[in-house]
Amino acid sequence: MKYDIVVVGSGITGLSSAYHLKKSNSSLKILVVDKFKTFSQGNTAKSAAAFRDFYSLRENQVMAQAAISFYKHLQDDMNVDLGMKFCGYLFLFDHEKDSEFISKYPNSKIIYDDLSEFFNVAVDDETKKVMDIDSIKTAILDTNAGIIEPDLLSKFYYDELIEMGVEFKFNTEVKRLVLSPYKPLNYPGEPFNWQESDVKYLETDNGIIEGDFYVLCTDVWTTKLLDPLGIDSHLRPKKRQVFQITSPGIKNTVHKNIFNDSGVFPFTIFPSGVYIRPYPQASSFWTSLADDYNRDFSFTENPEPEPDFYTYNIKPILDNYFPAADNSRITSSWAGYYSYNTIDFMPYIFNSLNIITVSGTTGSGIMKGDSIGRVVASRYKHDRATTLYGGKKVINTYSGKYRLSKIEDMIL
Ligand SMILES: Cc1cc2nc3c(=O)[nH]c(=O)nc-3n(C[C@H](O)[C@H](O)[C@H](O)COP(=O)(O)OP(=O)(O)OC[C@H]3O[C@@H](n4cnc5c(N)ncnc54)[C@H](O)[C@@H]3O)c2cc1C
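Note that the structure is predicted; figures quoted are calculated from it, not measured.

1. Some details on the pairing of strand E15 (residues 284–288)
Counting buried positions along E15 gives 5 out of 5 residues, so the element sits mostly inside the fold. As paired elements, strand E12 (residues 236–246) and E15 share 4 bridges and run antiparallel to each other. When the sheet's bridge partners are listed, Val242 is paired in E15 with Ser288. Bridge count between strand E14 (residues 275–279) and E15: 5 bridges; the pairing is antiparallel.

So this is what it looks like as structure tokens:
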């Protein structure tokens, strides 16, 4: 069986890509392959599953905004429950922020209310000296932000794909993309440099899979597949860990509305980057920190959460700023990877040979997932631009050796 398109990876970006490819041409024969036993078991399942449209890069903001609007449309207008709650993103800063910078964001506002009911806003002098943190000086709320359930979002795409006739092959690991010349001479060592070639088939632990075109949505595993072909995946993996905590104080707090009526406490980011994400189903918060320096780029297949990371990097911040977490205990924890585009944190979606690769989702692949899928579908057709949900357009550029393009030129 030969497919028009084989999508490798059934996480959020693979599902959304397959969905928009099929939507744009229902006659395409599409197969989605994944090494796990069902869809969205990779980093999509490990996500903190929060969304926001507050970004310093305009392109990131537009990608997220369009996807958020699509998810909201599904939930509000199409009655698809995605567990989406607009509880807001509350940024607590221990320094003054440039108000001009903040005012660029129509959905963000400075909070002047007294926050001391929920947070310790004042840090004592001893702590300031030892920990290099300070009292809360500025609070900013992004209102077009909140939490979503990636399993429900993934299920939406999966059900639609099944309905549209897209095939899935699980428990199948792609081992190698095999290059072959257009006009084979059946000579050992082909393809030679002077022969025009592309990917002929995928070697898997379940046999050979052949397609005319391939879409790699393999996240941090992409490098392993592209390196042998000499194609740079433009990503570095960084381990990320989440700890689920609960306490009597958290049980009393997690369902409180502040600045919103979603019935859930805002996703809150403290000075130093420690965040709490409400998980109302278990009267808990998930807490984490996207640590940068001293966190290397090593990769293992099954990363484990580190209790010491919680104890020495996260807990001291919660102890200082968030009294509801007093006497809290960890009830669950897990670890995964961000696939970082280390240049500008934008998703990298590029064509090379007969492959489109999605890489570098940089910790925001859920909140930009639908926009990423639309870019893939439009790049497959070699369209000049991608129309995102809501009508904004991204220019697709196809220049350079690998026709690499970043989503950098936008018509806003
Ligand atoms: C701790 C943590 C917190 C996060 N928080 C957020 C957040 O709050 N908001 C947000 O938007 N994003 C967040 N992210 C990032 C988000 O989870 C990712 O950007 C997103 O899930 C990437 O989706 P994906 O489909 O590209 O990758 P994945 O979900 O990892 O899917 C890749 C798939 O490819 C398959 N695959 C790989 N190699 C092969 C192969 N050789 N053969 C067959 N199959 C293969 C894997 O099995 C997997 O199913 C977080 C990530 C982590 C780890």
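The discussion continues.
2. Topic: the side chain of Thr287
By the secondary structure assignment, Thr287 is in strand E15. A polar contact is formed between the side chain of Thr287 and the backbone oxygen of Tyr275, at a distance of 2.9 Å. The contact partners of Thr287, leaving out residues within four places of it in the chain, are Gln241, Val242, Phe243, Ile245, Val274, Tyr275, Ile276, Tyr310, Ile314 and Leu318.

3. Focus: the nonpolar core
Grouped burial of nonpolar side chains is what soluble globular proteins tend to show. Residues Val7, Tyr71, Leu82, Ile148 and Tyr157 are the most contacted members of the largest nonpolar core, which totals 66 residues. Ranked by residue count, the leading element in this core is helix H3 (residues 58–77), at 9 residues. When residues are assigned to domains, this core turns out to be shared by domain 1 (2–47 + 152–235 + 343–411) and domain 2 (89–142 + 238–338), each giving three or more. Excluding residues that lie within four positions of it along the chain, Leu82 makes contacts with Tyr71, Leu74, Gln75, Ile148, Glu149, Leu152, Leu153 and Phe156. Counting 31 residues, the second largest nonpolar core, distinct from the first, contains Leu90, Val254, Tyr310 and Tyr321.

4. Comments concerning the site of the ligand
Around the ligand, the surrounding shell holds 35 residues, and the nearest of these are Thr13, Asp34, Thr44, Val174 and Met367. At a separation of 2.5 Å, an oxygen atom of the ligand approaches a polar side-chain atom of Thr44. Contact between the ligand and Ser47: a nitrogen atom at 3.4 Å from a side-chain N or O atom of the residue. Burial of the ligand by the surrounding chains reaches 98%, relative to a free accessible area of 1,000 Å². Of all elements in the fold, only helix H1 (12–24), helix H2 (43–46), E12 and strand E16 (329–340) reach the threshold of two or more residues within the shell around the ligand. Broken down by class, the residue content of the shell around the ligand amounts to 15 nonpolar, 14 polar and 6 charged. No fewer than three residues from each of domain 1 (2–47 + 152–235 + 343–411) and domain 2 (89–142 + 238–338) sit in the shell around the ligand.

Calculation criteria
Residues numbered from 1 in each chain as written. Predicted model: local features only at pLDDT ≥ 70, side-chain atom pairs only at ≥ 80, totals over all residues. Heavy atoms only, no water. Buried < 20%, exposed > 50% of the residue type's maximum accessible area, 1.4 Å probe, protein only. Helix = DSSP H or I, 4+ residues; strand = E, 2+ residues; numbered from the N terminus. Pairing = 2+ DSSP bridges. Polar contact = N/O pair within 3.5 Å; in protein donor to acceptor, adjacent residues only side chain to side chain. Contact = heavy atoms within 4.5 Å. Core = buried A, V, L, I, M, F, W, Y, C linked by side-chain atoms within 4.5 Å. Domains from an automatic or database assignment. Near = heavy atom within 4 Å. Areas by Shrake-Rupley, 256 points an atom, 1.4 Å probe, with all protein chains shown as cover. Nonpolar A, V, L, I, M, F, W, Y, C, P; charged D, E, K, R; others polar.

No statement about biological role is implied by the geometric values presented.
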